[in-house]
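Reading the structure
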Amino acid sequence: MIRWCFALLLLANGFYALWIWQQGAPAQAAHNTHSDGRAVPTLVMIDELERPERLALTAKPLPEEQSAPQVIPESCWLVGEFDQKSQADLAVVTVQSQQLVAGLETVKVPDEPDYWVHVGPFSSRDKALGVLQKLRARKVDSFLIDDGELKNAISLGFFSQKLSAERLRDKYRELEYRVGIHEVARFRPRYEVYANGRVTSDDLRAALAAAGLQVTPAKTTKKTCI
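Residues numbered from 1 in each chain as written. Predicted model: local features only at pLDDT ≥ 70, side-chain atom pairs only at ≥ 80, totals over all residues. Heavy atoms only, no water.

Glancing now at the pairing of strand S5 (residues 179-198). Direction of pairing for strand S1 (residues 74-82) relative to S5: antiparallel, over a ladder of eight bridges. By the bridge assignment for S5, Glu74 is matched with Arg198. As paired elements, strand S2 (residues 101-119) and S5 share 17 bridges and run antiparallel to each other. When the sheet's bridge partners are listed, His118 is paired in S5 with Gly180. (Pairing = 2+ DSSP bridges. Helix = DSSP H or I, 4+ residues; strand = E, 2+ residues; numbered from the N terminus.)

What follows is the structure in structure tokens.
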């Protein structure tokens, strides 16, 4: 009796194991098939695959389409304004090193004026000479002005500082002639450097900075660079 029970139990275990194996087989088969139902081994060499499958595995992705490089328009730039000629010359050399056309223009800009302390001017040269003789007789350092805005006036002194001119004017306040101060315009040179070509503001500024020139280029009219 015991042997029959053992035999039945062993047989039941065998049927159960067969049933478990049958449940797992379809899923494994589905995993190892093509989309068209053809079976494929789990591990295969690329050379063993059919040509379409081999091409699908070995084909390289196409590179992304590259955009066309941006074309920098030709422009005229005011590179900078310099008080020293040596700095302007350095800027010109730097611009030319960037394969650009450089231009240098010298302009006059107002500077601190001078101050002329004077008597007159008088209606004629003869009258001015008569006054000059009287002033020199009183030991006043003076001379006749022959041309310009103060023609036929008597110069008492020429100064670059207004305070000095005012002091001399006050010194001769007791003269019988009116003492005035004439402001004389004075100018100094300024050097403007231009660049013409295909370049950006950042590239131009970087090249100038590398040469020790701290300026900020600005676009200007094309006519300026002609």
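Attention now moves to the confidence of the model for the protein. Note: predicted coordinates in regions of low pLDDT should not be interpreted at a detailed level. Looking at the protein, the pLDDT average stands at 81 and 69% of residues meet or exceed 70. Across the protein, the element-wise mean pLDDT spans from 53 in helix H2 (residues 51-58) up to 95 in helix H3 (residues 85-97). Across residues 27-31, where pLDDT falls below 50, the model places one contact with residues more than four positions away in sequence or in other chains. (pLDDT = per-residue confidence, 0-100. Contact = heavy atoms within 4.5 Å.)

Turning our attention to the state of the cysteines. If you walk through the whole model with that rule in mind, you get one disulfide. There is a disulfide in this structure between Cys76 and Cys225, and the S-S distance comes to 1.8 Å. Handedness here is read from the sign of the S-S torsion; for Cys76 and Cys225, about 80°, the answer is right-handed. A residue pair is termed long-range when its members are at least 10 positions apart, and Cys76 in strand S1 and Cys225 in helix H7 (residues 222-225) qualify at 149 residues. Owing to a relative accessible area of 3%, Cys76 belongs among the buried residues under this scheme. Taking the relative accessible area as the measure of exposure, Cys225 reaches 21% and is therefore partly exposed. (Disulfide = S-S within 2.5 Å. Buried < 20%, exposed > 50% of the residue type's maximum accessible area, 1.4 Å probe, protein only.)

Turning our attention to the environment of Val179. Within the secondary structure, Val179 is located in strand S5. Beyond its immediate sequence surroundings of up to four residues, Val179 is in contact with Val117, His118, Val119, Leu156, Arg169 and Tyr172.

Glancing now at the pattern of salt bridges. A full pass over the atoms with the stated rule returns 11 salt bridges. Two residues, Glu81 and Arg190, come together in a salt bridge whose shortest N-O distance is 3.7 Å. Placement of the pair is Glu81 in strand S1 and Arg190 in strand S5, with a sequence separation of 109 residues. The class for Arg190 is partly exposed, based on a relative accessible area of 23%. The partner of Asp89 in a salt bridge is Lys85, and the shortest N-O contact between them spans 3.0 Å. Of this pair, Asp89 and Lys85 both sit in helix H3, four residues apart, which is roughly one turn of the helix. Connected through salt bridges with shared partners, the residues Glu81, Arg190 and Glu192 form a single ionic network. (Salt bridge = Lys/Arg side-chain N within 4 Å of Asp/Glu carboxyl O.)

Peptide bonds are, in most cases, trans, and in most cases residues other than glycine have a negative phi. Cis geometry is found at the peptide bond from Gly120 to Pro121, where omega equals 5°. Mapped onto the elements of the fold, Pro121 is located in the loop between S2 and helix H4 (125-137). Despite not being glycine, Gln99 shows a phi value in the positive range, around 60°. As for its position among the elements, Gln99 is in the loop between H3 and S2. Of note, Asn152 is a non-glycine position whose phi angle comes to about 70°, a positive value.

In this section: the side chain of Ser75. Secondary-structure assignment places Ser75 in strand S1. Discounting chain neighbours no more than four positions away, the residues touching Ser75 are Ala195, Asn196, Gly197 and Lys219.

As a further point, take the packing of aromatic side chains. In total, this model carries two aromatic pairs according to the counting rule given. Between the aromatic rings of Trp116 and Phe158, the centroid separation amounts to 5.2 Å while the plane-to-plane angle is 90°, which identifies the pairing as edge-to-face. Pair noted here: Trp116 is in strand S2 and Phe158 is in strand S4 (residues 153-159), with a separation of 42 residues, a long-range link. Trp116 sits in the buried class, given a relative accessible area of 19%. Judged by relative accessible area, Phe158 falls into the partly exposed class, the value being 44%. With a centroid separation of 6.2 Å and 90° between ring planes, the pair formed by Phe122 and Tyr177 is classed as edge-to-face. A residue pair is termed long-range when its members are at least 10 positions apart, and Phe122 in the loop between S2 and H4 and Tyr177 in the loop between helix H5 (162-171) and S5 qualify at 55 residues. The residues Phe122 and Tyr177 share a single accessibility class, namely buried. (Phe/Tyr/Trp six-rings, centres within 6.5 Å; stacked < 30°, edge-to-face > 60°.)

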